[in-house]
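Below, each chain spelled out in residue letters.
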Amino acid sequence: SGYVLQLVMLSTWGDEHYLGLCGLELYDAAGDIIPLTVDRLSASPSSINELPEVSGDPRTVDKLVDGHNSSLDDPAHLWLVPWSPSPVAPPVRLFAHFDTPIMLSLLKIWNYGRTPSRGVSEFQLLLDDLVIFHGFAKQAP
C-alpha cells in the first residue's frame, strides 16, 4: 500500500513528438474503483500547452478522469503531452496523490486513439517510489 502512485511512460507506439492517453481507472484489493479526481492528479509535463507555440488546447490531464474513456477521437476527452524518445529526455510522469494509503490490484488504461502511434507503449508503475509493475500497454485500435 502507498500514498503516491506514479505512472512513468517510457515509450510510445512510434510517435517521436507526442504521447497521450484517453482514460485511467484504479481498483483496490476488493475490486472496487479507487476514486480518482483531477485534484489528486499531476503530470510532468502536464499537457501540450507547455509548448511555447501552444495555448488553450483541451487535451489536459483532467481528461483522464472525466469518465469518457472510450472516446478515441474527441480532443475534449484526451490527454496529450510533448514526448521525445531521446535517452537523455526525461520520461513523462503522471502522479496520483492520496490522503490515505491505497492498495492497488488493477490499473485500467485507455490508450490514445486519435493517433494510435502516440499511445503509451512501455511503462512502469510505482507506488511510493517502488516499482510494482514494468510492462506494455495495448495500442489503441
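Preceding this section is the structure that the text describes.
The structure presented is a predicted model; accordingly, all values stated were derived computationally and were not measured.

Now for the overall build of the protein. Helix and strand content of the protein: zero helices and eight strands. When the helices and strands of the protein are listed from N to C terminus, the series reads β-β-β-β-β-β-β-β. Over its C-alpha trace the protein gives a radius of gyration of 14 Å, about what one expects of a compact globule, namely 14 Å for 141 residues. Each principal axis of the C-alpha atoms in the protein carries an extent, and together these give about 40 × 30 × 30 Å. Here the analysis covers contacts within the protein between residues at least 6 apart in sequence; of these, 75% occur between residues at least 24 apart. When the accessible surface of the protein is summed, it comes to about 7,200 Å², and 55% of that surface belongs to carbon and sulfur atoms. For the protein, the separation between the mean place of its 8 positive charges and that of its 17 negative charges on side chains is 5 Å.

In this section: the sheet that holds strand β6 (residues 104-111). If you walk across this open sheet you meet the three strands as β4-β2-β6, and the pairing is antiparallel. Every other strand in the sheet has two partners, leaving β4 (79-82) and β6 as the edge strands with one partner each. When the angles between neighbouring strand axes are averaged without regard to direction, this sheet yields 40 degrees. Here seven bridges tie strand β2 (residues 18-28) to β6, and the two strands are oriented antiparallel to one another. The residue of β6 that forms the bridge with D28 is L104.

Okay, the environment of H134 next. With respect to the element layout, H134 can be found in strand β8 (residues 130-136). C-alpha separation for the pair H134 and R40, spaced 94 residues apart in sequence, amounts to 23 Å. Once residues within four sequence positions are removed from consideration, H134 is found in contact with L10, E122, F123 and Q124. Within polar-contact distance, the side chain of H134 engages the side chain of E122 at 2.5 Å.

One can find G20 in strand β2. In this structure the C-alpha to C-alpha distance between G20 and Q6, which are 14 residues apart in sequence, comes to 16 Å. With residues up to four places along the chain from it excluded, the contact list for G20 reads W79, L80, N111, Y112, R118, G119 and V120.

Time to look at the sheet that holds strand β3 (residues 41-44). Read from one edge of the open sheet, five strands run β3-β5-β1-β7-β8, paired in antiparallel fashion. Looking at the sheet topology across the chains shown, the edges are occupied by β3 and β8. Geometrically, the sheet is characterised by an average inter-axis angle of 20 degrees between neighbouring strands, direction not taken into account. As judged from the seven bridges shared by strand β1 (residues 2-9) and strand β5 (residues 92-102), these two strands associate in the antiparallel manner. In the strand pairing of β5, G2 is matched with I102.

What counts, and at which threshold
Residues numbered from 1 in each chain as written. Predicted model: local features only at pLDDT ≥ 70, side-chain atom pairs only at ≥ 80, totals over all residues. Heavy atoms only, no water. Helix = DSSP H or I, 4+ residues; strand = E, 2+ residues; numbered from the N terminus. Rg over C-alpha atoms; globule rule 2.2 N^0.38 Å. Contact = heavy atoms within 4.5 Å. Areas by Shrake-Rupley, 256 points an atom, 1.4 Å probe, with all protein chains shown as cover. Lys, Arg positive; Asp, Glu negative; His and termini not counted. Charge placed at Lys NZ, Arg CZ, Asp CG, Glu CD. Pairing = 2+ DSSP bridges. Axes fitted to C-alpha atoms, helices over the stretch in contact; angles between N-to-C directions. Polar contact = N/O pair within 3.5 Å; in protein donor to acceptor, adjacent residues only side chain to side chain.

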